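So you can see what is in the structure, the chains are spelled out below.
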Amino acid sequence: MKKLISFCIVFIYLTLSVVAQKTQVSDYYLKKAEEALSNNEFQSAIENIDKYINEYPKEYDGYMIRAIINYNQEKNGVALIDINTALKLWKKEGRFPKENIYWWRAFVYQALEMYDKALDDYETTYKLVLKNDKSKIHDILYNRAQLSYELEQYNEADEDYRLMLKHNEADQVAMIGLVRNMIARKEYAEAVEMANQCEKF
């Protein structure tokens, strides 16, 4: 009886080990895709990431990397589908913080000229980095301010440049952005004053 119990315990242990090995995610194709992407070998990158997604359809990383590949090839509609899938499947254990996924989606929406949705995603990204990674604040606010400027929404761009200065009072990029907006509104005296302030830093 003891031998039978021992055999059952060993059998269960071996079975669980095999299952664990089968379910363990291998990032071989993921790394191959990233390597190809870094060398601008888009076809190879797509082939490898497709293999990864076929093996692990519930791992969000694959969809994100494929979205980035397609974005780089200006296949923005396809990229958007993959980013939305990545957001649905997202979990903390992965290569992309959640704010980065929203940030990428903002880029894609911008490329698709869906500007309201792009601005919404920049706002979501900003709120997330305030909690998780403040080192990204400058770049996110600059991206959004630049989009507002291109849309000739100078007051909205001003808000982001001033937010940048709130986080870093010596942010010369923000000051130059404000100068540019003032010139666009023909506020020349204010532009000169801001330019002088920028020069001090």
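Source: prediction; values computed, not measured. (Residues numbered from 1 in each chain as written. Predicted model: local features only at pLDDT ≥ 70, side-chain atom pairs only at ≥ 80, totals over all residues. Heavy atoms only, no water.)

1. Comments concerning unusual backbone geometry
Turning to step 1, where the next piece is worked out: Even without a glycine there, the phi angle at Glu152 is positive, about 60°.
Turning to step 2, where the next piece is worked out: Considering the arrangement of structural elements, one finds Glu152 in the loop between helix 8 (137–150) and helix 9 (154–167). (Helix = DSSP H or I, 4+ residues; strand = E, 2+ residues; numbered from the N terminus.)

2. Points about the side chain of Asp61
Turning to step 1, where the next piece is worked out: Looking at where Asp61 falls in the secondary structure, it is placed in helix 4 (residues 60–72).
Turning to step 2, where the next piece is worked out: Among buried Asp, Glu, Lys and Arg side chains, Asp61 stands out as unpaired, with Arg95 the closest opposite charge at 4.4 Å.
Turning to step 3, where the next piece is worked out: Asp61 has contacts with Leu30, Gly94, Arg95 and Phe96, leaving out every residue within four places of it along the chain. (Buried < 20%, exposed > 50% of the residue type's maximum accessible area, 1.4 Å probe, protein only. Lys, Arg positive; Asp, Glu negative; His and termini not counted. Salt bridge = Lys/Arg side-chain N within 4 Å of Asp/Glu carboxyl O. Contact = heavy atoms within 4.5 Å.)

3. What to know about the side chain of Glu59
Turning to step 1, where the next piece is worked out: Turning to its location among the elements, Glu59 is positioned in the loop between helix 3 (42–55) and helix 4.
Turning to step 2, where the next piece is worked out: The exposure class assigned to Glu59 is buried, which follows from its relative accessible area of 15%.
Turning to step 3, where the next piece is worked out: Polar contacts involving the side chain of Glu59 include one to the side chain of Lys91, which spans 3.2 Å. (Polar contact = N/O pair within 3.5 Å; in protein donor to acceptor, adjacent residues only side chain to side chain.)

4. Digging into the packing of helix 6 (residues 98–111) against helix 7 (residues 115–132)
Turning to step 1, where the next piece is worked out: One can describe the packing of helix 6 onto helix 7 by two numbers: an axis separation of 8 Å at closest approach and a directional angle of 160°. In terms of axis orientation, helix 6 runs roughly antiparallel to helix 7. As helix 6 runs across helix 7, the sense of the crossing is left-handed. Within the contact between the two elements, helix 6 uses Lys98, Glu99, Tyr102, Trp103, Arg105, Ala106, Phe107, Tyr109 and Gln110 and helix 7 uses Tyr115, Lys117, Ala118, Asp121, Tyr122, Thr124, Thr125, Leu128, Val129 and Asn132.
Turning to step 2, where the next piece is worked out: Taken together, the residues of the contact of helix 6 with helix 7 sort by class into 10 nonpolar, four polar and five charged. (Axes fitted to C-alpha atoms, helices over the stretch in contact; angles between N-to-C directions. Parallel < 35°, antiparallel > 145°, perpendicular 65-115°, else oblique. Left-handed = near helix turned anticlockwise from the far one by under 90°. Nonpolar A, V, L, I, M, F, W, Y, C, P; charged D, E, K, R; others polar.)

5. Remarks on the pattern of salt bridges
Turning to step 1, where the next piece is worked out: The full count for this structure, using the stated rule, is 14 salt bridges.
Turning to step 2, where the next piece is worked out: The closest approach of N and O atoms between Asp27 and Lys31, which form a salt bridge, is 3.7 Å.
Turning to step 3, where the next piece is worked out: Salt-bridge contacts for Arg144 lead to Glu123; the nearest nitrogen and oxygen are separated by 2.5 Å. A residue pair is termed long-range when its members are at least 10 positions apart, and Arg144 in helix 8 and Glu123 in helix 7 qualify at 21 residues.
Turning to step 4, where the next piece is worked out: Its relative accessible area of 10% is what places Arg144 among the buried residues.
Turning to step 5, where the next piece is worked out: Look at the salt bridges and you will find they share partners, linking Asp27, Lys31, Glu34 and Arg95 into a network.

6. What to know about helix 5 (residues 76–89)
The α-helix advances 3.6 residues per turn, and as a result positions three or four apart in sequence lie on the same side.
Turning to step 1, where the next piece is worked out: Counted at 1.5 Å a residue, the expected span for helix 5 with its 14 residues is 20 Å, and the 20 Å between its end C-alpha atoms agrees.
Turning to step 2, where the next piece is worked out: Buried residues of helix 5: Asn76, Ala79, Leu80, Asp82, Ile83, Ala86 and Leu87, and no others.
Turning to step 3, where the next piece is worked out: Residues of helix 5 that are buried make contact with helix 4 and helix 6. (Expected span 1.5 Å × (residues − 1).)

7. Comments concerning the nonpolar core
The nonpolar side chains of a soluble globular protein tend to be buried, and buried together.
Turning to step 1, where the next piece is worked out: Counting 53 residues, the largest nonpolar core has Ile49, Met64, Ile69, Phe96, Ile101 and Tyr161 as its most contacted members.
Turning to step 2, where the next piece is worked out: If one sorts the elements of this core by residue count, helix 4 sits on top with seven residues. (Core = buried A, V, L, I, M, F, W, Y, C linked by side-chain atoms within 4.5 Å.)

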